[in-house]
Amino acid sequence: FMYSMLTRSQRISHENLRLRDAKWLGGYERWFAEAAGVKLTGGQPAPPPMFTPYTVRGVTLKNRVVVSPMAQYSCIDGLPADYHLVHLGARAMGGAGLVMAEMTCPTPDARITPGCPGLWNPSQRDGWKRIVDHVHSGTDAKIGIQLGHAGPKGSTNAPWDGDGADRPLPSDNWPLIAPSAIPYLEDGQVPRAMTRADMDRVRDDFCSATRLAAEAGFDWLELHCAHGYLLSAFISPLTNQRTDEYGGTLANRLRYPLEVFTAVREVWPKHLPMSVRISAHDWVEGGITPEDAVEIARAFKAAGADMIDCSSGQVSAAQKPTYGRMYQTPFADRIRQLAGIPTIAVGAISEADHVNSIIAAGRADLCAIARPHLANPAWTLTEAAKIGYTPLPWPKQYLSGKSQMESIFAREKAMQAAPAYKEPA
C-alpha cells in the first residue's frame with residue numbers, strides 16, 4: 001500500500017525511491033521477490049520486481065517482460081518464414097520472459113492484409129514450429145501466439161503500401177464479415193452482417209487454428225478481442241447494432257466472443273495459459289468505457305481466461321485517446337483490482353523504471369513492450385544494465401556486450417552523481 005501511494009502520481013518512480021531510501025526499497029524488493037517464489041539466502045540482494053518469475057498454469061516465465069504482438073505484414077500466403085524466425089528469435093534472445101507472435105489468422109479471409117500470418121494448413125503449422133523450436137532450443141524465453149480475425153478491418157494495405165494502413169486494397173479485395181454492416185472507415189469496404197452459419201464457421205476455424213498452434217508447440221495463446229477486429233466488433237456498441245440475441249446489452253454483445261473463447265479453451269491444452277486482449281476504452285462517446293471493461297474481464301474470467309491484456313481504442317476512426325507515458329496502465333490496474341484477474345499492461349511503457357513501478361505497485365502482473373522492442377530487440381538486457389542489475393544472464397554469445405553495456409551505464413551514473421563543475425573564482 002505504501003509503495004502504491006508513493007508512486008501513484010508517477011512523479012516518484014522505482015529508481016527514484018532507491019535514491020530517496022535505498023534501504024527501504026531494498027527491503028520491499030526482498031519482500032516482493034520472496035512472495036514471487038524467489039529463494040534468497042543471507043545478504044543476497046533481491047532482483048527488481050520486473051525480474052521476478054511469474055507462473056500461469058504449467059508455464060513459468062523467467063521475468064515479467066513480454067514482447068507485445070506486433071504486426072509485421074511480411075508473410076506470403078500466410079506462411080511465416082525466415083523473416084519471422086529472425087524477428088522473433090532475436091527478441092527471444094533479448095531477455096524477455098515471453099515473446100508473442102503477431103495476430104495470426106485462422107483463414108485467408110480473416111487477414112488484415114495479404115501479408116498477415118495464418119494458421120489454416122500444415123505448412124503454416126510447420127513454419128511456426130520451426131520458429132518455436134528455435135526459441136525453445138536457443139533461449140529460455142517462452143513463446144506465444146495471438147489468434148484473431150480482422151472482421152470489418154480486413155482486406156487492406158500494409159501501412160507502407162498504397163494509400164496506407166486501413167485503406168482497402170486497390171484490387172483483389174476479399175469479402176468482409178462483421179457483426180453489423182458497418183465499415184471501419186466511412187468510405188471503406190462495407191462488411192456483410194454475419195449469419196449464424198458464419199458464426200459457426202468462424203468459431204470452428206478458430207478451433208482448428210488452435211489445434212495447429214498446439215501442434216506447433218506454442219507455450220501461450222491469446223485471443224484477440226480488441227482494436228475493432230471481429231470479436232472486438234461484437235463487443236463494442238459502436239460496431240454491433242444487431243437486434244438479435246447477439247446485440248443490445250453488453251451481455252448479449254459478449255455472447256459470441258465468449259462462445260469462441262470457450263470453444264478455443266476447450267481444445268487448447270489445459271496446462272497452458274490463455275489470455276484475452278481487449279480494448280478497455282473506445283475513446284468515443286457511446287463506446288466501451290473502463291467500467292464496461294471490468295464487466296468484460298469478469299465474463300472472460302468466468303469462462304476460464306487466465307489473464308486480460310489491457311489495450312484500448314482502434315475500434316472507431318473517430319477515437320480521441322488521451323496519450324501519455326503508461327497511459328493504458330490504469331485500465332490494467334482497475335481490471336486487476338475489481339475483476340480479480342491478473343492483467344498485462346501495455347502502451348507507452350518504455351523504461352525499466354516504468355515496468356518496475358507497475359509490477360511493484362500491483363497495477364499489473366506483466367508488462368507488454370511493443371515499439372521499444374522494434375528499436376532494440378535486446379531491450380530487456382539493455383534496461384537491466386541501465387539500472388545496474390548485473391545478475392541477469394545474457395546469451396553466452398553476447399557476454400562481451402554485457403560487460404561493455406554495464407560499464408557504460410555505470411560511468412553515466414557516476415557522472416550524474418558527481419558535483420557540478422564550477423569555474424574557479
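Here the structure is shown first, and the text comes after it.
Here goes a summary of the coordinates provided.

Basis of the calculations
Residues numbered from 1 in each chain as written. Predicted model: local features only at pLDDT ≥ 70, side-chain atom pairs only at ≥ 80, totals over all residues. Heavy atoms only, no water. Helix = DSSP H or I, 4+ residues; strand = E, 2+ residues; numbered from the N terminus. Contact = heavy atoms within 4.5 Å. 1 Å grid on protein atoms, 1.4 Å probe; cavity = no way out; pocket = protein on both sides within 12 Å on 5 of 7 lines; lining within 4 Å. Points joined across faces, edges and corners; volume = space filled by probe spheres on them. Nonpolar A, V, L, I, M, F, W, Y, C, P; charged D, E, K, R; others polar. Polar contact = N/O pair within 3.5 Å; in protein donor to acceptor, adjacent residues only side chain to side chain. Phe/Tyr/Trp six-rings, centres within 6.5 Å; stacked < 30°, edge-to-face > 60°. Buried < 20%, exposed > 50% of the residue type's maximum accessible area, 1.4 Å probe, protein only. Lys NZ or Arg CZ within 6 Å of the ring centre and 35° of its normal. Axes fitted to C-alpha atoms, helices over the stretch in contact; angles between N-to-C directions. Parallel < 35°, antiparallel > 145°, perpendicular 65-115°, else oblique. Left-handed = near helix turned anticlockwise from the far one by under 90°. Salt bridge = Lys/Arg side-chain N within 4 Å of Asp/Glu carboxyl O. Core = buried A, V, L, I, M, F, W, Y, C linked by side-chain atoms within 4.5 Å.

**Some details on the environment of Pro-175**
(1) Moving on: Relative to the assigned elements, Pro-175 resides in the loop between strand S5 (142-147) and strand S6 (177-178).
(2) Moving on: A C-alpha to C-alpha distance of 28 Å links Pro-175 and His-281, two positions 106 residues apart in sequence.

**What to know about the environment of Leu-366**
(1) Moving on: By secondary structure assignment, the location of Leu-366 is in strand S12 (residues 366-369).
(2) Moving on: Apart from the residues within four sequence positions on either side, Leu-366 is in contact with Tyr-54, Leu-61, Asn-63, Arg-64, Val-66, Trp-220, Met-307, Thr-343, Ile-344, Ala-345 and Ile-359.

**Considerations on empty space enclosed by the protein**
(1) Moving on: Applying the stated rule across the entire model yields 4 cavities of 30 Å³ or more.
(2) Moving on: By volume, the largest cavity is sized at about 90 Å³.
(3) Moving on: For the lining of the largest cavity, the class distribution of residues is 6 nonpolar, 5 polar and 2 charged.
(4) Moving on: Within this model, the second largest cavity holds a volume of roughly 50 Å³.
(5) Moving on: If you go around the second largest cavity, the residues you meet are Cys-225, Ser-232, Ile-235, Ser-236, Ile-278, Ser-279, Asp-282, Ile-288, Ile-296 and Val-315.
(6) Moving on: The set of elements that each furnish at least two residues to the lining of the second largest cavity consists of helix H7 (230-235) and strand S9 (274-279).
(7) Moving on: Taken together, the residues of the lining of the second largest cavity break down into 6 nonpolar, 3 polar and 1 charged.

**Things to note about the side chain of Asn-63**
(1) Moving on: Residue placement: Asn-63 occurs in the loop between strand S2 (59-61) and strand S3 (65-67).
(2) Moving on: From its side chain, Asn-63 meets the backbone oxygen of Gly-95 in a polar contact 2.8 Å long.
(3) Moving on: Among the polar contacts listed, one links the side chain of Asn-63 to the backbone nitrogen of Gly-97, at a separation of 2.8 Å.
(4) Moving on: Contact partners of Asn-63, with chain neighbours within four places excluded, come to Met-50, Phe-51, Thr-52, Pro-53, Gly-95, Ala-96, Gly-97, Leu-366 and Thr-380.

**Focus: the packing of aromatic side chains**
Note on aromatic pairs: each is described by the distance of the centres and the angle between the planes.
(1) Moving on: Applying the stated rule across the entire model yields 10 aromatic pairs.
(2) Moving on: Ring centres 4.8 Å apart and planes at 10° place the aromatic pair Tyr-3 and Tyr-28 in the stacked group. Taken together, the residues Tyr-3 in helix H1 (residues 2-7) and Tyr-28 in helix H3 (residues 22-35) connect sequence positions 25 residues apart. Just as Tyr-3 is buried, Tyr-28 falls in that class too.
(3) Moving on: Overall, Tyr-28 belongs to the buried group, its relative accessible area being 15%.
(4) Moving on: One aromatic cluster is present, built from ring pairs that chain together Tyr-3, Trp-24, Tyr-28 and Trp-31.
(5) Moving on: Over the face of the ring belonging to Tyr-184 we find Lys-153, whose NZ or CZ atom lies 4.4 Å from the ring centre.

**Overview of the packing of helix H6 (residues 196-216) against helix H8 (residues 250-267)**
(1) Moving on: Interaxial distance between H6 and H8 falls to 9 Å at its minimum, and their mutual angle equals 30°. Relative to H8, H6 is oriented roughly parallel. Regarding H6 and H8, the two cross each other, and that crossing is right-handed. In this structure, H6 contributes Arg-196, Asp-198, Met-199, Asp-200, Val-202, Arg-203, Phe-206, Cys-207, Thr-210 and Arg-211 to the contact, and H8 contributes Tyr-256, Glu-259, Val-260, Ala-263, Val-264 and Val-267.

**With respect to the pattern of salt bridges**
Where charged atoms of side chains with opposite charge meet at close range, the side chains can pair.
(1) Moving on: Counted according to the given criterion, the structure contains 28 salt bridges.
(2) Moving on: Between Asp-82 and Arg-130 there is a salt bridge, with its nearest N and O atoms 3.0 Å apart. With Asp-82 in helix H4 (residues 82-93) and Arg-130 in helix H5 (residues 122-138), this pair connects stretches of sequence that are 48 residues apart.
(3) Moving on: Arg-130 gets classed as partly exposed once you look at its relative accessible area, which sits at 40%.
(4) Moving on: Through salt bridges with shared partners, one network takes in Arg-196, Asp-200, Arg-203, Asp-204 and Glu-259.

**Focus on the nonpolar core**
In summary, soluble globular proteins display a tendency toward joint burial of nonpolar side chains.
(1) Moving on: Within the largest apolar cluster, 105 residues are counted, with the highest numbers of intra-cluster contacts made by Trp-128, Ile-145, Phe-218, Tyr-256, Phe-300, Ile-308 and Ile-335.
(2) Moving on: If sequence neighbours within four positions are ignored, Ile-308 has contacts with Val-276, Ile-278, Ala-297, Phe-300, Ile-335, Ile-341, Pro-342, Thr-343 and Ile-344.
(3) Moving on: Ranked by size, the runner-up nonpolar core spans 9 residues in total, among them Tyr-73, Cys-105, Ala-158 and Tyr-229.

Note that every value here comes from positions in space, so none of it alone points to a role or purpose.
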